[in-house]
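Okay, here's what each chain looks like letter by letter:
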Amino acid sequence: MSLFAKDIAQKRSLFDRDGFCLFRGLIPLDLLTRVVSRMDAVVSGEYESGVSPHAVHFSSDDPVDKLRKIDQPHLSDSVIFELISHENIGRAIAGLLNAKFVQVWATQLLIKPPGGMAGHIGWHQDMQHWTTWWRGEVGTFWVAISNVSEDCGPMQFIRGSHKWGLNENSSFFSDADHAMQRKAIPKPPKSNWEEIPMLMSGGDGSFHHRFTYHGSGSNLSSEPRRSFAIHVRTERSEAVDEKSVYTAHLSDEGVCPVIYQA
């Protein structure tokens, strides 16, 4: 089934323990090279397809170090669509989850500019934001476009936190104080708080469980940190609200591409 069949049993075991899993070298170099300029074009408001993304979460008045976040950028550019629907991503997720079907239902373009604090992301679970849309097996595949080192604000996972259950309190996504958030997050007795930085090369990808706590610090390097978050579902999911922007187009593969089908 999987592109990574020889070590998929080990990856499944690590995912069950940790709530996240790293895949090396998924995206070809030529596609990585082509997508960088298309990311910049979409950030600048240039939409090759003529279709605007769903939402742009920054403005020209924002600090230069604020996170550049755009929802559904794959609607606006064919190269971005090519990347987020790449067959290697579908095969990796299907192998890890032993799934027969993997579909993209949302994407985010993420550029964390260098040199400041405004790109800081607080601890959160993705499912805290998704309960009105989904139940069941949904998750996030995060693709590094640039190299992600310790100094550029890598994504940090809390190992094993996917077993803590859903926190129905508000997400800390927009908050900067990681230490204060840690005190406020409900944890099972005797649970460990172990922060694992996801250090990656361009073309690597990581998948994390919908309940896994994650966040990131500031980009203190001299280069922007570039990535895409690709939100997916398997056959073990169900839409709660079939009229939302993220569930109303599941039958349209131009919006929600199926990236693996057994």
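For the structure itself, look to the data block above.
Rules used throughout
- All residue numbers refer to positions counted from 1 along the written sequence of the respective chain.
- Given that this is a predicted model, residues contribute local features only at a pLDDT of at least 70 and side-chain atom pairs are listed and counted only at 80 or more, while totals for whole chains, interfaces and linings are drawn from all residues.
- Only hydrogens and water are set aside; all other atoms, that is, all heavy atoms of the structure, feed into the side-chain values.
- We count a stretch as a helix when DSSP gives it H or I for four or more residues in a row; a strand needs E for two or more, and each element gets its number in order from the N terminus.
- Residues adjacent in sequence count toward polar contacts only when both atoms are side-chain atoms; beyond that, a polar contact is any pair of N or O atoms within 3.5 Å, and within protein one must be able to donate a hydrogen and the other to accept it.
- We call two residues contacting when some pair of their heavy atoms lies within 4.5 Å.
- Exposure is judged per residue with a 1.4 Å probe applied to protein chains only, and the accessible area is read against the type maximum: over 50% gives exposed, under 20% gives buried, and values in between give partly exposed.
- In this context, the arc is that of the directions from the helix axis out to the C-beta atoms.
- Note on ring pairs: Phe, Tyr and Trp rings are taken, using the six-membered ring of Trp, and paired if centres are within 6.5 Å. Classes follow the plane angle, with under 30 degrees stacked, over 60 edge-to-face and the rest tilted.
- Among buried residues, the Ala, Val, Leu, Ile, Met, Phe, Trp, Tyr and Cys ones that are joined through side-chain atoms within 4.5 Å form a nonpolar core.

1. Some remarks on the side chain of S76
Thinking step 1. The residue S76 is located in the loop between β3 (68-71) and α3 (78-84) in this model.
Thinking step 2. At 2.6 Å, the side chain of S76 forms a polar contact with the backbone oxygen of V51.
Thinking step 3. Once residues within four sequence positions are removed from consideration, S76 is found in contact with V42, Y47, E48, S49, V51, S52 and P53.

2. Topic: helix α1 (residues 8-18)
Thinking step 1. Residues of α1 that are buried include every one of I8, K11, F15 and D18, and no others. Summarising the axial view, the buried residues of α1 lie within an arc of 100 degrees, below the 170-degree limit, and thus occupy one face. Turned more than 90 degrees from where α1 packs its buried face, A9, Q10 and D16 sit exposed.
Thinking step 2. Among the structural elements, β1 (20-23), α4 (87-97), β7 (155-158) and β9 (205-209) are those in contact with the buried residues of α1.
Thinking step 3. Note on α1: the residue one or two positions beyond its end, G19, has a positive phi of about 90 degrees.

3. Some details on the packing of aromatic side chains
Thinking step 1. One pass over the structure, following the stated rule, counts 11 aromatic pairs.
Thinking step 2. Considering the side-chain rings of W105 and W130, the 4.9 Å spacing of their centres and the 80 degrees angle between planes classify their relative orientation as edge-to-face. Taken as a pair, W105 in strand β4 (residues 101-112) and W130 in the loop between β5 (121-124) and β6 (134-144) lie far apart in primary sequence, 25 residues in all. As far as burial versus exposure is concerned, W105 and W130 are alike and both buried.
Thinking step 3. Linked through ring pairs, W105, W130, W133, W134 and Y246 together constitute an aromatic cluster.

4. Describing the nonpolar core
Thinking step 1. Counting residues in each nonpolar core, the largest one holds 36 residues, and the members touching the most others are L83, F141, F228 and I230.
Thinking step 2. Elements with a contribution of two residues or more to this core: β1, α2 (29-43), α3, α4, β4, β6, β11 (225-239) and β12 (258-261).
Thinking step 3. Broken down by element, this core gets its largest block of residues, 6 residues, from α4.
Thinking step 4. Non-local contacts of I230, meaning those with residues more than four positions away in its chain, are made with I84, I89, V104, A106, T107, G139, T140, F141 and V143.
Thinking step 5. Core analysis: the second largest hydrophobic core is formed by 14 residues, W142, V148, M198 and M200 among them.

Limitation: the analysis is restricted to geometry and does not speak to function.
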